[in-house]
Amino acid sequence: MGNFLFVSGQVPVDAKTMKVVAEDFASQARFVLESVKAILLAAGSSLDKAVKITVFLTDMSRFQEMNEIYKEYFRENPRPEPVSA
């Protein structure tokens with residue numbers, strides 16, 4: 001697929017302990033975004049080069065909170081589309 005890098009299936013689970021990193025939503029969301037960031041950096045890319053991001057939420061009441069966290073990582077044109085599971 002050319003120079004594209006596809007990253008999927010990130011969850012708030014520590015790979016070493018196989019345990020959820022925290023109980024609170026904000027910590028989990030930041031952990032997942034930090035994981036994506038680390039994967040991209042290891043592959044020689046960055047969040048700034050992301051073309052499409054999809055966030056799945058099991059609770060749409062968290063959308064606004066997720067949107068605020070999302071803006072910390074994607075400062076240019078941050079407009080996630082809500083998707084519920």
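Residues numbered from 1 in each chain as written. Predicted model: local features only at pLDDT ≥ 70, side-chain atom pairs only at ≥ 80, totals over all residues. Heavy atoms only, no water.

Colleague: When you look at the overall build of the chain in this model, what are you seeing that I'm missing?
Modeller: Helix and strand counts for the chain come out as two helices and two strands. Ordered by position in the sequence, the α and β elements of the chain form the string α-β-α-β. For the chain, buried positions account for 27% of its 85 residues. Taking the intrachain contacts of the chain between residues at least 6 apart in sequence as the baseline, contacts between residues at least 24 apart amount to 48%. (Helix = DSSP H or I, 4+ residues; strand = E, 2+ residues; numbered from the N terminus. Buried < 20%, exposed > 50% of the residue type's maximum accessible area, 1.4 Å probe, protein only. Contact = heavy atoms within 4.5 Å.)

Colleague: Sorry if this is basic, but what is going on with the packing of aromatic side chains here?
Modeller: By convention here, two paired aromatic rings are described through the distance between centres and the angle between planes. Inspection of every chain in the model, using the stated rule, returns two aromatic pairs. With a centroid separation of 6.2 Å and an interplanar angle of 35°, the aromatic rings of F4 and F6 are classed as tilted. In this pair, the class of F4 matches that of F6, namely exposed. (Phe/Tyr/Trp six-rings, centres within 6.5 Å; stacked < 30°, edge-to-face > 60°.)

Colleague: How should helix α1 (residues 25-42) be read in this particular structure?
Modeller: Every α-helical turn comprises 3.6 residues, leaving residues that sit three or four positions apart pointing alike. Taking 1.5 Å of rise per residue, the 18 residues of α1 would be expected to cover 26 Å, and the 26 Å separating its terminal C-alpha atoms lies within 8% of that figure. Taken together, the buried residues of α1 touch β1 (56-57) and α2 (63-73). (Expected span 1.5 Å × (residues − 1).)

Colleague: Would you take a moment to explain unusual backbone geometry for this structure?
Modeller: The phi dihedral of M18 is positive, around 60°, even though this residue is not glycine. With respect to the secondary-structure elements, M18 resides in the segment before α1. Judged by its relative accessible area of 62%, M18 is exposed.

Colleague: Looking at this model, I keep getting lost on the nonpolar core. Mind explaining?
Modeller: A general tendency of soluble globular proteins is for nonpolar side chains to be buried together. Formed by 14 residues in total, the largest nonpolar core has its most connected members in F25, L33, L47, M66, I69, Y73 and F74. Contributions of two or more residues to this core are made by α1 and α2. It is α1 that contributes the most residues to this core, six residues altogether. With residues up to four places along the chain from it excluded, the contact list for I69 reads F25, A26, A29, R30 and L33. (Core = buried A, V, L, I, M, F, W, Y, C linked by side-chain atoms within 4.5 Å.)

Colleague: Explain a nonpolar patch on the surface to me, please; I cannot follow it from the model alone.
Modeller: Taken together, the side chains of F4, F6 and V51 present a nonpolar region at the surface, about 410 Å² in accessible area. By the secondary structure assignment, F4 is in the segment before α1. F4 gets classed as exposed once you look at its relative accessible area, which sits at 56%. (Patch = residues over 30% accessible without salt bridge, like charges linked within 9 Å, V, L, I, M, F, W, Y side chains within 5 Å. Areas by Shrake-Rupley, 256 points an atom, 1.4 Å probe, with all protein chains shown as cover. Salt bridge = Lys/Arg side-chain N within 4 Å of Asp/Glu carboxyl O.)

Colleague: Teacher, can you tell me more about α2 here?
Modeller: Looking only at α2, the buried set comprises M66, N67, I69, Y70 and Y73. In this structure, the buried side of α2 is in contact with α1 and β1.

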